[in-house]
Amino acid sequence: MSPRSRTETVTLSERITGLAQATEIAEGRLDEDVVRQARQTLDRAGQRRALSADHTVVGFFGATGSGKSSLFNAVVGQELARSAARRPTTSAPLAAVWGEEGSQPLLDWLDVPDRRVVGPALSVATGRGRKASTASGGLVLLDLPDFDSVTAEHRQIVQRMVGLVDVVVWVVDPQKYADAVLHQDFVQPLARHGAVTMVVLNQADRLAERDVPTVLGSLAELVAEDGLPATGSSAPVAVSALTGQGVAELRDRIHSVAASRAAAGQRLEADVVHAATELAHAAGEGDPHGIDRDASERLTAGLARAAGVEMVADAAARSYRLRAGKHTGWIATRWLARFRKDPLKRLHIESHDRTSDPGVHRTSLPPMNASQKASADSAVRGFADEVSRGAGEPWRRSVRTAARSHQETLPDALDQAVARTRFSARGASWWWIAFDVLQWLAMAVTVLGLLWLLGLFLADYFQLQLPPPPTVEGFPLPVPTLMVVAGVVLALFLALTGAVIASLASRVRARTVRRRLLRSVRETAHDTVQVPVERELRAHREFTAALDRAASPTA
């Protein structure tokens, strides 16, 4: 994906639109799980944006014994959540709400029936240069079950909520803050939400005062290794729900985030960018080479071999020689040509009505044999591999599938391509007419000479006295004999010359037919192979552009 300019700002709406387009295109092409997760992200984003934008949902998450509920009460300032030595104490989400108006549909979507209105929307003073202003916003604090609860239902609630809340407050205790399972299963997946994740070291009163900075530093290093920022609002803070240490600082952080009303958008933006990134990874790196003239010509050549273009071109040449012989051959032997069937007609080519729909015609070419089918398949596969070269494997697979989308109908389409080709085989060449006239003149001279000789023979037989036949000076033969000899010699000469000319002309005709057949096959290749591939290549370009919008770096 080509990165956007750093000065260009991409709005959340543009990102969501880009992800929606990319997901639609990825359907059926990329990994189903990745596409499903992207759709879930889109559904979640759409639902959250349709609900209150004035409220920020902050969830308190933690392991068993982290003192999460006690800290929740301390931040709220009221004993809302039940805390006790027996664990787990939280079995269902509990909501503390500031700013009741508009919060009910949001809590319905979160499926939190236990709701407590604590006060009006928060107001926080923010200094801007020498001036000060007040920002306000609704806030929903959620006390949630332990993520490592032995009850499966509790764990399911936590997994669902971590994907819905706007801000995650991750509560750890000094004993288990470095637990590998904790970081691997929960903290690391939150890395993309660093801007809306807070890490809290609770029960700091259990540590010696001099050890608190050391533990916080160790926690910050672990958080950084997990991919979360360890600075700003995400910097780990030490608190004690029992003594009140650090509670005010944590409360101010949460209230500031709520007053800015930006957390929900940041959370959704991170989710959209992550989903787009996952789609990009599933698609693979690189762009396809694309269709060029050489690839198209190689595809046409391969399909032409499969369609038997050479056989048809050879048949056209033989047909031309046969029909030429019927016009230029010796008239005395032309009747023998009647026993030879026109090769094109034998293939059911050029025998249909030219005014009818060529789509209903079929040739009598033999069905594709294994070699021809292999040639067609190899041509299509080679074309797909060449034009998709450079793209990720899923897209290469998609291009191959598109190229073979007409595999079952391709043999019939190639047959129609041959059948609809116009060979111009019925018209006579101009030189045929000239040779035909000369052949008939030669035949006339021969017949007249034979009749003359027959008359002389009959006259002699009946002992009729006739003058001797004239002779031509320099020739010992009488004129009638000379006429027969001259007529036969001329006819044979014309027949031989016509055969030579027809052979040469048939090669030209074969090249012409081959060119026309290749044009028909090229059209078929374009319609049945190239067009589906072009759609896939266009889909790849649209997919890449959509991902560029969805996952473009923040300005």
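What comes next concerns the included structure.

Cut-off values and rules
- Residues numbered from 1 in each chain as written.
- Predicted model: local features only at pLDDT ≥ 70, side-chain atom pairs only at ≥ 80, totals over all residues.
- Heavy atoms only, no water.
- Helix = DSSP H or I, 4+ residues; strand = E, 2+ residues; numbered from the N terminus.
- Contact = heavy atoms within 4.5 Å.
- Areas by Shrake-Rupley, 256 points an atom, 1.4 Å probe, with all protein chains shown as cover.
- Core = buried A, V, L, I, M, F, W, Y, C linked by side-chain atoms within 4.5 Å.
- Buried < 20%, exposed > 50% of the residue type's maximum accessible area, 1.4 Å probe, protein only.
- Pairing = 2+ DSSP bridges.
- Right-handed = clockwise from strand over helix to strand, strands pointing away.
- 1 Å grid on protein atoms, 1.4 Å probe; cavity = no way out; pocket = protein on both sides within 12 Å on 5 of 7 lines; lining within 4 Å.
- Points joined across faces, edges and corners; volume = space filled by probe spheres on them.
- Nonpolar A, V, L, I, M, F, W, Y, C, P; charged D, E, K, R; others polar.
- Axes fitted to C-alpha atoms, helices over the stretch in contact; angles between N-to-C directions.
- Left-handed = near helix turned anticlockwise from the far one by under 90°.
- Expected span 1.5 Å × (residues − 1).
- Phe/Tyr/Trp six-rings, centres within 6.5 Å; stacked < 30°, edge-to-face > 60°.
- Parallel < 35°, antiparallel > 145°, perpendicular 65-115°, else oblique.
- Salt bridge = Lys/Arg side-chain N within 4 Å of Asp/Glu carboxyl O.

**Focus: the overall build of the protein**
- When helices and strands are counted, the protein shows 17 helices and eight strands.
- Here the analysis covers contacts within the protein between residues at least 6 apart in sequence; of these, 78% occur between residues at least 24 apart.
- Surface summary for the protein: the accessible area is close to 28,000 Å², and the carbon and sulfur share equals 55%.

**As for the nonpolar core**
- Judged by nonpolar contacts, the single largest core of 35 residues is most densely connected at Phe61, Leu110, Leu142, Met161, Trp170 and Phe186.
- Excluding anything up to four places from it in sequence, Phe61 contacts Lys68, Leu144, Val158, Met161, Val162, Val165, Val168, Val169, Trp170, Val171 and Phe186.
- With 32 residues, the next largest nonpolar core counts Ala306, Leu344, Ala376 and Val399 among its residues.

**Quick look at the pairing of strand β3 (residues 114-119)**
- Across five bridges, strand β2 (residues 94-98) lies against β3 in parallel orientation. Paired with Ala96 across the strands is Arg116, a residue of β3.
- Assessed by its sense of winding, the connection that carries the chain from β2 through helix α4 (residues 103-110) to β3 is right-handed.

**Remarks on the layout of surface pockets**
- Roughly 290 Å³ of volume is contained in the second largest pocket.
- Lining the second largest pocket are 14 residues, and of these Gln159, Val162, Gly163, Arg192 and Arg267 lie nearest its centre.
- Counting only elements with at least two residues in the lining of the second largest pocket, the list comes to α5 (152-162), α6 (180-187) and α9 (263-283).
- At three residues, α5 tops the list of elements feeding residues into the lining of the second largest pocket.
- Here the lining of the second largest pocket is composed, by residue class, of five nonpolar, three polar and six charged.

**Some details on the packing of helix α15 (residues 410-419) against helix α17 (residues 479-551)**
- In contact at an axis separation of 8 Å, α15 and α17 are set at 145 degrees when each is read in the N-to-C sense. By crossing handedness, the relation of α15 to α17 is classed as right-handed. Along its contact with α15, which presents Leu410, Ala413, Leu414, Ala417 and Val418, the element α17 presents Leu517, Ser520, Val521, Thr524 and Thr528.
- Residue classes in the contact of α15 with α17 are distributed as seven nonpolar, three polar and no charged.

**Structural notes on helix α13 (residues 370-387)**
- Helix length check: α13, at 18 residues, gives a terminal C-alpha distance of 26 Å against a target of 26 Å (1.5 Å per residue), a fit within 8%.
- Taken together, the buried positions of α13 are occupied by Gln372, Ser375, Ala376, Ala379, Val380, Phe383, Ala384, Glu386 and Val387.
- Among the structural elements, α10 (293-307), α14 (393-403), α15 and α17 are those in contact with the buried residues of α13.

**Remarks on empty space enclosed by the protein**
- Considering all chains together, one arrives at one cavity of 30 Å³ or more under this definition.
- Within this model, the largest cavity holds a volume of roughly 50 Å³.
- Along its surface, the largest cavity is lined by Arg44, Arg48, Trp109, Gly163, Leu164, Val165, Asp166, Ala264, Arg267, Leu268 and Asp271.
- Counted by class, the lining of the largest cavity contains five nonpolar, one polar and five charged residues.

**Brief notes about the environment of Lys341**
- With respect to the secondary-structure elements, Lys341 resides in the loop between α11 (309-328) and α12 (343-346).
- Sequence-wise, Lys341 and Leu322 are 19 residues apart; in three dimensions their C-alpha atoms are separated by 8.8 Å.
- Among residues more than four places away in sequence, those in contact with Lys341 are Leu322 and Arg346.

**Quick word on the pairing of β2**
- Within β2, five of the five residues are buried, leaving the element largely enclosed by the surrounding structure.
- On β2, burial covers both faces: Leu94, Ala96 and Trp98 on one face and Ala95 and Val97 on the other are all buried.

**Overview of the packing of aromatic side chains**
- One pass over the full model with this rule turns up eight aromatic pairs.
- When the ring of Phe60 is compared with that of Phe72, the centres are 5.8 Å apart and the planes differ by 90 degrees; the resulting orientation is edge-to-face. With a gap of twelve residues between them, Phe60 in strand β1 (residues 55-62) and Phe72 in helix α3 (residues 68-76) connect regions that are remote in the sequence. Considered together, Phe60 and Phe72 belong to a single accessibility category, that of buried residues.
- An angle of 85 degrees between the planes, with centres 5.3 Å apart, marks the rings of Trp431 and Phe435 as edge-to-face. Of this pair, Trp431 and Phe435 both sit in helix α16 (residues 430-461), four residues apart, which is roughly one turn of the helix. Considered together, Trp431 and Phe435 belong to a single accessibility category, that of buried residues.

**Re the packing of α10 against α17**
- Closest axis-to-axis distance for the α10/α17 pair is 9 Å, and the angle between their directions is 110 degrees. On the basis of their axis angle, the class for α10 and α17 is roughly perpendicular. The element α10 and its partner α17 pack so that their crossing is right-handed. Contacts between α10 and α17 involve Ser296, Glu297, Leu299, Thr300, Leu303 and Ala304 from the former and Leu518, Val521, Arg522, Ala525, Val529 and Gln530 from the latter.
- The residue inventory of the contact of α10 with α17, partitioned by class, reads seven nonpolar, three polar and two charged.

**Remarks on the pattern of salt bridges**
- Per the counting criterion, the structure on display carries 23 salt bridges.
- With a closest N to O distance of 2.9 Å, Arg15 and Glu269 form a salt bridge. Of this pair, Arg15 sits in helix α1 (residues 12-26) while Glu269 sits in helix α9; the two residues are 254 residues apart in sequence, bridging distant segments of the chain.
- Note on Arg15: relative accessible area 1%, which makes it buried.
- Across the pair Arg29 and Glu536 runs a salt bridge, and its minimum N-O distance is 2.8 Å. Placement of the pair is Arg29 in the loop between α1 and α2 (32-50) and Glu536 in helix α17, with a sequence separation of 507 residues.
- Overall, the relative accessible area of 21% leaves Arg29 in the partly exposed class.
- Given a relative accessible area of 9%, Glu536 falls into the buried group.
- Overlapping salt bridges, with partners in common, bring together Glu24, Glu27 and Arg39 in one network.

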